[in-house]
Amino acid sequence: MAFSLFFSFFLGIFSAIGVGASETHTIKFINQCGHGTPCLVLNGQNVSTGQDYVVDGIFSGIAYLQTGQCDTNGEGCTLVEMNLVNPTCAGCGSSVDISLIDPHIFNVEASFAYYNGCDGLGADCKSCNSANCAVAFYAPEDWYAQRQCEANNVCSFEILDSPTNQS
């Protein structure tokens, strides 16, 4: 039975201004369909199932839509990996990618794009709407899949959508 699931994942990155110039990253989920559960995992622990998550400092974690087939670290599902940090040198900024490296497999369409800095940089659902996702990691050396942003205070918008061509 075909079903349509639309899940948007809004990721805002804000840098606090003041002494020490600390940075704060906010990850916000919006599930517009009501199917599946967004999961945000940090160090092997699920830190959000859809609630806003705020962290002071660098954030390095994963996100996926739990459709019933995903393990704790997103095994068996399409994975979005993220390292959110304001750059301190060239090549040291934020990075987001879609991973289908085994044991991760395609289960939902996925996309993301930066805005408020690096506008439009990312990967769209049209490019990752099947197991042949052209913009995903399949092996650790598939660096072309990684999208880096060298701007402070960037945001990223992410969409996960279940395939409608299921039989």
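The model shown is predicted, which means the values in this text are computed figures rather than measured ones. (Residues numbered from 1 in each chain as written. Predicted model: local features only at pLDDT ≥ 70, side-chain atom pairs only at ≥ 80, totals over all residues. Heavy atoms only, no water.)

**Notes on the overall build of the protein chain**
For step 1, the next point in the chain: A tally of regular secondary structure across the protein chain gives 0 helices and 13 strands.
For step 2, the next point in the chain: With 167 residues in all, the protein chain has 47% of them scored as buried.
For step 3, the next point in the chain: Summed over all atoms, the accessible surface of the protein chain reaches about 7,900 Å², with 53% contributed by carbon and sulfur. (Helix = DSSP H or I, 4+ residues; strand = E, 2+ residues; numbered from the N terminus. Buried < 20%, exposed > 50% of the residue type's maximum accessible area, 1.4 Å probe, protein only. Areas by Shrake-Rupley, 256 points an atom, 1.4 Å probe, with all protein chains shown as cover.)

**Here's the deal with the packing of aromatic side chains**
For step 1, the next point in the chain: A complete count under the given rule lists 2 aromatic pairs for this structure.
For step 2, the next point in the chain: Centroid distance Phe137 to Trp143: 5.7 Å. Interplanar angle 90°. Geometry classified as edge-to-face.
For step 3, the next point in the chain: The exposure class assigned to Phe137 is buried, which follows from its relative accessible area of 5%. (Phe/Tyr/Trp six-rings, centres within 6.5 Å; stacked < 30°, edge-to-face > 60°.)

**Section: the pairing of strand β4 (residues 45-48)**
For step 1, the next point in the chain: In terms of strand pairing, strand β3 (residues 37-42) meets β4 through 3 bridges, oriented antiparallel. For Val41, the partnering residue across the bridge sits in β4 and is Asn46.
For step 2, the next point in the chain: What sits between β3 and β4 in their antiparallel hairpin is a turn of 2 residues, with Asn43 showing a positive phi close to 55°. (Pairing = 2+ DSSP bridges.)

**Remarks on the confidence of the model for the protein chain**
For step 1, the next point in the chain: With 72% of its residues at a pLDDT of 70 or more, the protein chain shows a mean pLDDT of 75.
For step 2, the next point in the chain: Low pLDDT (under 50) marks residues 1-20, which in the prediction has 92 contacts with non-local residues, meaning those over four places away or in another chain.
For step 3, the next point in the chain: Low confidence marks residues 162-167, where pLDDT is under 50. Its contacts with residues over four positions away, or in another chain, come to 16 contacts. (pLDDT = per-residue confidence, 0-100. Contact = heavy atoms within 4.5 Å.)

**So, unusual backbone geometry**
For step 1, the next point in the chain: Between Asp102 and Pro103 the backbone carries a cis peptide bond, its omega angle lying at 20°.
For step 2, the next point in the chain: If you trace the backbone, Pro103 turns up in the loop between β8 (94-99) and β9 (109-115).
For step 3, the next point in the chain: Even without glycine at this site, Asn43 takes up a positive phi of about 55°.
For step 4, the next point in the chain: Structurally, the position occupied by Asn43 is in the loop between β3 and β4.
For step 5, the next point in the chain: Classification of Asn43 by relative accessible area gives exposed; the value is 71%.

**A few points about the state of the cysteines**
For step 1, the next point in the chain: As enumerated under the stated definition, the model contains 3 disulfides in all.
For step 2, the next point in the chain: Each sulfur of the disulfide joining Cys70 and Cys77 lies 1.8 Å from the other. On the sign convention where negative means left-handed, the S-S torsion of about -90° between Cys70 and Cys77 marks this disulfide as left-handed.
For step 3, the next point in the chain: For Cys70, a relative accessible area of 9% translates into the label buried.
For step 4, the next point in the chain: A disulfide bridge connects Cys118 with Cys149, and the sulfur atoms are separated by 2.2 Å. (Disulfide = S-S within 2.5 Å.)

**Some remarks on the nonpolar core**
For step 1, the next point in the chain: Counting residues in hydrophobic clusters, the biggest one holds 24 residues, and the most contacted among them are Ile27, Leu40, Tyr53, Phe59, Met82, Val96 and Ile98.
For step 2, the next point in the chain: Counting only elements with at least two residues in this core, the list comes to β2 (23-30), β3, β5 (53-56), β6 (59-66), β7 (79-84), β8 and β9.
For step 3, the next point in the chain: When neighbours within four sequence positions are excluded, Phe59 is seen to be in contact with His25, Ile27, Leu40, Leu42, Tyr53, Met82, Asn83 and Leu84. (Core = buried A, V, L, I, M, F, W, Y, C linked by side-chain atoms within 4.5 Å.)

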